[in-house]
Amino acid sequence: QMESWLTYGDVQRLVVVVSGIDSGETLERWQFNVSIEDDGCGALISVNDENQNISSNVMKLGHSSGDKLGKKRQSKTVKEVHDEIQAIIRQITASVTFLPLLNEPCSFDLLIYTNKNAVVPQKWLDSDPRYIMNSQEVKLRSFTTSFHQVDSMVTYKEADEWEL
């Protein structure tokens, strides 16, 4: 489902919510904002495995067949995208140095914010945003593919409010 939504530009945000099982409180909220590098004319993604380049073309609508159909976006190699993703994973791993210790069993939920026209499976349920009151927020690294930009951050409940 996610691949389809990402391909068609239907995903705006992914949020991983970490909640205490006993308290039911939201303890951490990992947010990944997804934006499309698009000028509003629609986009076509192409992946070239031979060169290991990821590129996207923006198709201009309403041009005659003699016109150029689009302008080519700057492409990134798969390695460049993987390196940026690895940097975020390292930063997430290092976040244990500043995040408060979770002192109760936890569960997580995945919240996906989509465009209104996205086709959502019937099994999926609407949810509240699960915000954390009196929280701290830390912005994490961003990364871009040739088509998407992903900005990330974590919001967490301050340790001094927790029962120690």
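## Some points on the overall build of the protein
Within the protein, the secondary structure is distributed over two helices and nine strands. In the protein, the order of α-helices and β-strands from amino to carboxyl end is α-β-β-β-β-β-β-α-β-β-β. Relative to its full complement of 164 residues, the protein shows a buried share of 29%.

## Focus on the nonpolar core
Residues Trp5, Val11, Leu14, Val34, Ile88, Ile112, Ala118, Phe143 and Val150 constitute the largest nonpolar core, which totals nine residues. For Val11, the residues in contact, after removing those within four places along its chain, are Met2, Trp5, Leu6, Val34, Ile112, Tyr113 and Thr114. One finds Val18, Trp30, Leu140 and Val154 within the second-largest nonpolar core, a separate group that totals six residues.

## Focus: the sheet that holds strand 9 (residues 148-157)
Pairing is antiparallel in the open sheet, where five strands are placed in the order 7-1-2-9-8. Edge positions in the sheet fall to strand 7 (106-114) and strand 8 (135-144), since each has one partner strand and no second. For this sheet, the mean inter-axis angle between neighbouring strands, taken without regard to orientation, is 15°. In this sheet, strand 2 (residues 26-36) lies alongside strand 1 (residues 11-20) in antiparallel orientation, the contact comprising seven bridges. Each residue of the ladder has a partner; that of Val16, found in strand 2, is Trp30.

## Description of the pattern of salt bridges
Applying the stated criterion across every chain, the model contains four salt bridges. Between Lys76 and Glu84 there is a salt bridge whose closest N-O contact spans 2.5 Å.

## As for the packing of aromatic side chains
Counted according to the given criterion, the structure contains two aromatic pairs. Between Trp5 and Trp124 the ring centres are 5.2 Å apart and the planes differ by 80°, which places this aromatic pair in the edge-to-face class. Of this pair, Trp5 sits in helix 1 (residues 2-7) while Trp124 sits in the loop between strand 7 and strand 8, and the two are 119 residues apart along the sequence. Ring plane angle 45° and centroid distance 6.0 Å describe the contact between Phe98 and Tyr156, whose orientation is recorded as tilted. Within this pair, whereas Phe98 is found in the loop between helix 2 (78-94) and strand 7, its partner Tyr156 is found in strand 9, the two being separated by 58 residues in sequence. Directly above the ring of Tyr113 sits Arg13, whose terminal nitrogen or CZ lies 4.8 Å from the centroid.

## Focus: the side chain of Ser152
Checked against the element boundaries, Ser152 lands in strand 9. At a separation of 2.6 Å, a polar atom in the side chain of Ser152 contacts the main-chain carbonyl oxygen of Arg141. Ignoring sequence-local partners within four residues, the contact set of Ser152 consists of Gln31, Phe32, Ile88, Lys139, Leu140 and Arg141.

## What to know about the confidence of the model for the protein
On average, residues of the protein carry a pLDDT of 76, and 73% of them reach 70 or more. Across residues 39-72 the pLDDT falls below 50, and counting only partners more than four positions away or on other chains, this stretch makes 53 contacts in the model.

## Some remarks on unusual backbone geometry
One non-glycine residue, Arg130, lies in positive phi territory at about 60°. Along the chain, Arg130 turns up in the loop between strand 7 and strand 8. Look at Asn134: it is not a glycine, yet its phi comes out positive at around 50°. Tracing the sequence through the fold places Asn134 in the loop between strand 7 and strand 8.

Conventions used here
- Residues numbered from 1 in each chain as written.
- Predicted model: local features only at pLDDT ≥ 70, side-chain atom pairs only at ≥ 80, totals over all residues.
- Heavy atoms only, no water.
- Helix = DSSP H or I, 4+ residues; strand = E, 2+ residues; numbered from the N terminus.
- Buried < 20%, exposed > 50% of the residue type's maximum accessible area, 1.4 Å probe, protein only.
- Core = buried A, V, L, I, M, F, W, Y, C linked by side-chain atoms within 4.5 Å.
- Contact = heavy atoms within 4.5 Å.
- Pairing = 2+ DSSP bridges.
- Axes fitted to C-alpha atoms, helices over the stretch in contact; angles between N-to-C directions.
- Salt bridge = Lys/Arg side-chain N within 4 Å of Asp/Glu carboxyl O.
- Phe/Tyr/Trp six-rings, centres within 6.5 Å; stacked < 30°, edge-to-face > 60°.
- Lys NZ or Arg CZ within 6 Å of the ring centre and 35° of its normal.
- Polar contact = N/O pair within 3.5 Å; in protein donor to acceptor, adjacent residues only side chain to side chain.
- pLDDT = per-residue confidence, 0-100.

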